[in-house]
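Residues per chain, in single letters:
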Amino acid sequence: MTFQRFLLRRALMVIPLMIGVVFITFMLVRIGGLDPVGRLAGPTATQAEFDSIRNNLGLDQPLWKQFSIYLGNVVRGDLGESWLSNRSVLTDIKERAVISLELLFWGVGIGALVGVPVGLRAAFRPNGRFDQFTRVLSLFGFSIPTYWLALVMIFVFFYLLGWSPPAIGRMSLLVTPPDMITGSYLIDGVLTARWDAARSAASQLILPVICLAIVSAAPIIKQTRAIAIEVLSSDTVRYAHACGLPERNVRKLVLRNSAVPILTYIGTEVTGLVGTMSLIEYVFAWGGLGQYGLNAIISGDFTAVQGYVLVLAVFSVLVFIVIDFVVYLIEPRSELS
Amino acid sequence: MTLLKVEDLHTHFISRDLDNQICIAKALNGVSFSLEAGRVLGIVGETGAGKSLTAQSIVGLLRPPAKIVAGSVRFEGRELTDMPDAELNRIRGNNIAMVVQNPRTSLDPLTRVGDQLVRLHQIHSGGPKTASHKRALEMMEAVGLPDPESRAKSWPHELSGGMAQRVLLAMALMNSPKLLIADEPTTGLDVTVQAQILDLLRSLVARFDMATLIITHDLGVVAHFCNDIAVMFGGSIVETGSVRDVFAAPAHPYTRNLIAATPERFQMGRAKALGGQPPDLYNLPSGCVLQSRCAYATELCQTTVRNAEVAEGHFALCHYAGRLEEQPAVKINA
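The rules behind each value
- Each residue is numbered by its place in its chain's sequence as written, counting from 1.
- To label them, take the chains in the order written and letter them from A, then take the ligands in the order written and number them from 1.
- A pLDDT threshold of at least 70 governs which residues receive local features in this predicted model, and a stricter bar of 80 or more applies before side-chain atom pairs are shown or counted, although totals over entire chains, interfaces and linings include all residues.
- With hydrogens and water excluded, all non-hydrogen atoms of the structure serve as input to the side-chain values.
- A run of DSSP states H or I qualifies as a helix once it reaches four residues; a run of E qualifies as a strand once it reaches two. Both are numbered from the N-terminal end.
- Any pair of residues with heavy atoms lying within 4.5 Å of one another is described as a contacting pair.
- For accessible areas, the Shrake-Rupley method is used with a probe of radius 1.4 Å. Any residue's cover is judged against the shown protein chains and nothing else.
- Note that His is not counted, nor are the chain ends; the positive residues are Lys and Arg, and the negative ones are Asp and Glu.
- A charged residue contributes its charge at one atom only: NZ of Lys, CZ of Arg, CG of Asp or CD of Glu.
- For two strands to pair, DSSP has to find at least two bridges joining them.
- Every axis corresponds to a line fitted to the C-alpha atoms, with the helix fit spanning only the stretch in contact, and the corresponding angles, defined between N-to-C directions, vary from 0 to 180 degrees.
- By definition, the buried area sums, over both parts, the 1.4 Å-probe accessible area that each loses when the two are put together.
- One side-chain nitrogen of Lys or Arg within 4 Å of one carboxyl oxygen of Asp or Glu is enough to make a salt bridge.
- Pairing of N or O atoms within 3.5 Å defines a polar contact, subject to two protein rules: one partner must be a possible hydrogen donor and the other a possible acceptor, and residues neighboring in sequence count only if both atoms are side-chain atoms.
- Side-chain classes are defined by residue name, with Ala, Val, Leu, Ile, Met, Phe, Trp, Tyr, Cys and Pro counting as nonpolar, Asp, Glu, Lys and Arg as charged, and the others, Gly among them, as polar.
- Crossing handedness is defined as follows: a turn of the near helix away from the far one that is anticlockwise and smaller than a right angle gives a left-handed crossing, while the clockwise case is right-handed.
- In what follows, roughly perpendicular refers to angles from 65 to 115 degrees, roughly parallel to angles under 35, roughly antiparallel to angles over 145, and oblique to any angle outside these ranges.
- Two rings belonging to Phe, Tyr or Trp (six-membered ring only in the last case) form a pair when the distance between their centres is within 6.5 Å. Interplanar angles under 30 degrees mark stacking, angles over 60 mark edge-to-face geometry, and anything in between is tilted.
- A ring is scored as having a charge over it whenever the NZ atom of a lysine or the CZ atom of an arginine sits within 6 Å of its centre and within 35 degrees of its normal.

### Some remarks on the overall build of chain B
Reasoning step 1: When its secondary structure is counted, chain B shows 12 helices and 12 strands.
Reasoning step 2: Its C-alpha atoms give chain B principal-axis dimensions of about 65 × 50 × 45 Å.
Reasoning step 3: Excluding contacts between residues fewer than 6 apart, the proportion of contacts in chain B whose partners are at least 24 apart in sequence is 65%.
Reasoning step 4: Surface exposure of chain B reaches about 15400 Å², of which carbon and sulfur atoms provide 50%.
Reasoning step 5: Here chain B carries 32 positive and 34 negative side-chain charges, and the mean point of each set is 2 Å from the other.

And the structure:
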């Protein structure tokens, strides 16, 4: 199958999934007992004001009608306006998506760059000293609550040691942000040769990235170790030893044969990490998509919540398409399907 | 000079049970044999007798908890048991080649067949890549793979079991080994393909003049293929000798039962099943390992057995070797 046909088929398969996602989030926010009207109207509003807001938002219509209107808008690419800020949800999400992707990229990237080699090394000597040590470490990474880790890191590295800047967002208040090209201060700073901005952005990135890397590396270590141990006990590796392949070649063989399951795992992990992202962004006042979604949920901003969940679903689908394609490139047994 | 000499090889599985007590399964108990250049030796025995473990011990492929605890393996006069891995890797796949029983899962699934052949030749013999490539095509031709040029571009998962086994044979031949170890090379194949592979193996052994150690549970393979036979039971070689001598006059009760239990004899209505359990390797009896299953067993069998030479070059590990009655020893229950 050609790549175009694969993409087309995937896109067609995604449509019913997306309708389901839209439907479920749409209904869930409405039966959740949140009342955005009271919040918007304020404590001194009269019943007439209440009714007019309710009417304006269309919340007085029957649910099926609200849903069909919303679905129609979504199909046309209109995610509606935020009820709190009156800004277009799509614009809000677009602006914030890059910010969150940057954090996710560095966090999971470093998590994988550390986690995969560590997991492999642990697998080459199961129950050795290194394995035992990393097992304890990854247990920590698994069990520490993310927001607590973030708070402790701020406390230690900003308050006690003074090594890191305050957790007030993506850039120091004393530095003017660079001209917008991609939306990432770090990349834009480098592209426009605004080195002070790039430096400030980088130093702000360090703590949240480390935090996310710790959280993502722990399961990567565990999975990589399990996958590599299975490959090491396979007929292929035994036969490679019987053929007298030097240790270096055998390790390469193990790495190559572990790559597909490890990549698939990291793909699923990325999509699962968006929830963790919300908490990290919140603690570091990051202002990305995760924080946006969390705020929308807390304040009952229905259109924003719906838009947020829909975009995350699209993101997950994209991640899996990319993973499938990469697997197709490195694994001769696989087919695009 | 003897090409391969295995002397008093003991391999144990050493593990700890739930109470953290050390448990030892004595899987090989003093295996000794030797193999001259150009000879074909067949090792037969039932499952769990230690055939494959013998092969793995020879080439140092044991994985924990298996461990060689005593004995020596000499290949061209060099001791293999205490050789560092890096040095052993220069012998494995080069002077000693192996053919294993799961060809399809043993090949590297992510490398084309031809590239695997070339890689093996490059690692051991070096030289220009084009020469390795040429040799790979020659060897694929020699093992009867049709259209080697296009087969070389196949992925392992595209091969049938028989073709994969031919590829493994080609892999084994790449570096002109002096010793070929074939560990149940025809187990997982169809009967017709088994015959083809065995015929191929026989012609290759003659053509490339390799000493060959073939491990099988099929006496027919040994009878048609080998010069010498070693019968294993309970981690010991209970009888060795030339195929002609052993088949004509089996001196060990176990060998007698084994020969008596071949399917051909069943069809003639003359054989009884070879009954009984393999011995408990964690708790071997003193003396003969077969005593609980042997029709001739007496109190003498509880004492240490020595190899007795019943004819020239024909040994049996039995107190009564050469003194048994004519009939096959039968004792089904154990």
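### Section: the sheet that holds strand S9 (residues 228–233) of chain B
What holds strands together in a sheet is hydrogen bonding between their backbones, with the strands either parallel or antiparallel.
Residues and elements named next belong to chain B.
Reasoning step 1: Judged by pairing direction, the sheet is mixed, and its eight strands sit side by side in the order S6-S7-S8-S3-S9-S10-S12-S11 without closing on themselves. Here the strands that pair on one side only, and so sit at the sheet edges, are strand S6 (96–99) and strand S11 (308–311). On average, adjacent strands in this sheet sit at an angle of 20° to one another, irrespective of strand direction.
Reasoning step 2: Examined bridge by bridge, S11 and strand S12 (residues 314–316) share three bridges and lie antiparallel to one another. The residue of S12 that forms the bridge with glutamate 309 is phenylalanine 315.
Reasoning step 3: The strands that helix H1 (residues 51–59) touches are strand S3 (40–45), S6, strand S7 (179–183), strand S8 (211–216) and S9; relative to S8, the one it contacts most, it runs at about 145°.
Reasoning step 4: Against the sheet, helix H8 (residues 191–208) contacts S3, S7 and S8, and its axis sits at roughly 160° relative to S8.

### Looking at the interface of chain B and chain A
By a frequent convention, interface size equals the accessible area lost on bringing the separate parts together.
Reasoning step 1: Each partner contributes to the interface: chain B provides 24 residues, whereas chain A provides 23 residues.
Reasoning step 2: When the buried surface of chain B facing chain A is broken down by residue, B:Arg63, B:Pro109 and B:Leu110 rank first, second and third, together holding 31% of it.
Reasoning step 3: Across the contact surface, chain B and chain A share zero salt bridges.
Reasoning step 4: Seen at the junction of chain B and chain A, the total is 13 residue pairs in polar contact (both at pLDDT 80 or more).
Reasoning step 5: Broken down by secondary-structure element, the contributors of at least two residues to the side of chain B that touches chain A are helix H3 (103–106), helix H4 (113–125) and helix H7 (161–173) of chain B.
Reasoning step 6: A per-element tally of the side of chain B that touches chain A places H4(B) first, with four residues.
Reasoning step 7: Here the residues of the side of chain B that touches chain A are counted per class, giving 11 nonpolar, nine polar and four charged.

### Description of the packing of helix H9 (residues 195–232) of chain A against helix H11 (residues 247–272) of chain A
Residue and element names in this part refer to chain A.
Reasoning step 1: The contact between H9 and H11 brings their axes to 9 Å, and the two run at 145°. As for how H9 packs across H11, the hand of that crossing is right-handed. Here H9 contributes Val215, Ser216, Pro219, Ile220, Gln223, Thr224, Ile227, Ala228, Val231 and Leu232 to the contact with H11, which in turn contributes Val254, Asn257, Ser258, Pro261, Ile262, Tyr265, Ile266 and Glu269.

### Notes on the packing of H7(B) against H8(B)
Residue and element names in this part refer to chain B.
Reasoning step 1: Taken N-terminus to C-terminus, the directions of H7 and H8 make an angle of 15°; their axes are 10 Å apart at the nearest point. Relative to H8, H7 is oriented roughly parallel. In terms of crossing hand, the pair formed by H7 and H8 is right-handed. In contact with Gly162, Gln165, Arg166, Leu169 and Leu173 of H7, H8 contributes Val193, Gln196, Ile197, Leu200, Leu201, Leu204 and Phe208.
Reasoning step 2: A per-class count over the contact of H7 with H8 returns eight nonpolar, three polar and one charged.

### Side note on unusual backbone geometry
Residues and elements named next belong to chain B.
Reasoning step 1: In this model, proline 64 is joined to proline 65 through a cis peptide bond whose omega is 5°.
Reasoning step 2: Inspection of the secondary structure assignment puts proline 65 in the loop between H1 and strand S4 (66–75).
Reasoning step 3: Even without a glycine there, the phi angle at glutamate 76 is positive, about 50°.
Reasoning step 4: When you line up the elements, glutamate 76 lands in the loop between S4 and strand S5 (78–79).

### Section: the side chain of B:Asn175
Residues and elements named next belong to chain B.
Reasoning step 1: With respect to the helices and strands, the residue asparagine 175 is situated in the loop between H7 and S7.
Reasoning step 2: Looking at asparagine 175, its side chain comes within polar contact range of the main-chain oxygen of glycine 93, at 2.9 Å.
Reasoning step 3: At a separation of 2.7 Å, a polar atom in the side chain of asparagine 175 contacts the side chain of serine 125.
Reasoning step 4: If we skip the residues at most four places from it in the chain, asparagine 175 touches Gly93, Asn94, Leu120, His121, His124 and Ser125.

### Considering the packing of aromatic side chains
All names here are of chain A.
Reasoning step 1: In the structure shown here, the tally under the stated rule is nine aromatic pairs over all chains.
Reasoning step 2: Taken together, a centroid distance of 6.0 Å and an interplanar angle of 40° make the contact between phenylalanine 157 and tryptophan 163 tilted.
Reasoning step 3: Cluster of aromatic residues (ring-pair linked, three or more members): Phe23, Phe26, Phe67 and Tyr70.
Reasoning step 4: One residue, arginine 30, lies across the ring of phenylalanine 26, its end atom 3.7 Å from the ring centre.
Reasoning step 5: Here arginine 251 stacks its cationic end above the ring of phenylalanine 124, 4.0 Å away from the centre of that ring.

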